[in-house]
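Below, each chain spelled out in residue letters.
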Amino acid sequence: MTHRISALISAFGVLVGMLLLALAVREYLAGASALRVGVGALIFLGASYALARDVRRLRTRAVS
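Bear in mind the structure is a predicted one, so any value in this text is a computation, not a measurement.

1. A look at the overall build of the chain
Here's step 1: A tally of regular secondary structure across the chain gives two helices and zero strands.
Here's step 2: Oriented by its inertia axes, the alpha-carbon framework of the chain measures out at about 50 × 15 × 10 Å.
Here's step 3: Within the chain, the proportion of its 64 residues that are buried is 14%.

2. Looking at the side chain of Ser10
Here's step 1: Position of Ser10 among the secondary structure elements: in helix α1 (residues 2-29).
Here's step 2: A relative accessible area of 11% means that Ser10 is categorised as buried.
Here's step 3: If we skip the residues at most four places from it in the chain, Ser10 touches Ala47, Ala50, Leu51 and Asp54.

3. Quick notes on the side chain of Asp54
Here's step 1: Following the sequence through the fold, Asp54 ends up in helix α2 (residues 35-63).
Here's step 2: Within the structure, Asp54 has its side chain in polar contact with the side chain of Ser6 (distance 3.0 Å).

4. Observations regarding the pattern of salt bridges
Here's step 1: According to the stated counting rule, one finds two salt bridges in the structure shown.
Here's step 2: Here Glu27 ties to Arg36 by a salt bridge, and the two come within 2.1 Å at their closest N and O atoms.
Here's step 3: Residue classification places Glu27 among the partly exposed residues on the basis of a relative accessible area of 35%.
Here's step 4: Residue Arg57 is joined to Asp54 by a salt bridge in which the shortest nitrogen-to-oxygen separation is 3.6 Å. One end of the pair, Arg57, and the other, Asp54, are both in helix α2, three residues apart, so they sit about a helical turn from each other.

5. Section: the environment of Leu20
Here's step 1: Here Leu20 shows up in helix α1.
Here's step 2: Leu20 gets classed as partly exposed once you look at its relative accessible area, which sits at 38%.
Here's step 3: The sequence separation of Leu20 and Arg53 amounts to 33 residues, and the corresponding C-alpha distance is 21 Å.

Cut-off values and rules
Residues numbered from 1 in each chain as written. Predicted model: local features only at pLDDT ≥ 70, side-chain atom pairs only at ≥ 80, totals over all residues. Heavy atoms only, no water. Helix = DSSP H or I, 4+ residues; strand = E, 2+ residues; numbered from the N terminus. Buried < 20%, exposed > 50% of the residue type's maximum accessible area, 1.4 Å probe, protein only. Contact = heavy atoms within 4.5 Å. Polar contact = N/O pair within 3.5 Å; in protein donor to acceptor, adjacent residues only side chain to side chain. Salt bridge = Lys/Arg side-chain N within 4 Å of Asp/Glu carboxyl O.

Next comes the structure, spelled out in structure tokens:
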């Protein structure tokens, strides 16, 4: 059960990461620093990695 909750939290993290990345790109196009896009991409990739790890963990539990 805790693995499902962890995957759900990770999925929410990916959504938030996508939102932050979209806002960073929007601000970059308005003249802000490109560093914001880099940080937004890093947050999004970290959240995506956490989701992939949680989904893999759920699949191995289902097979066993």
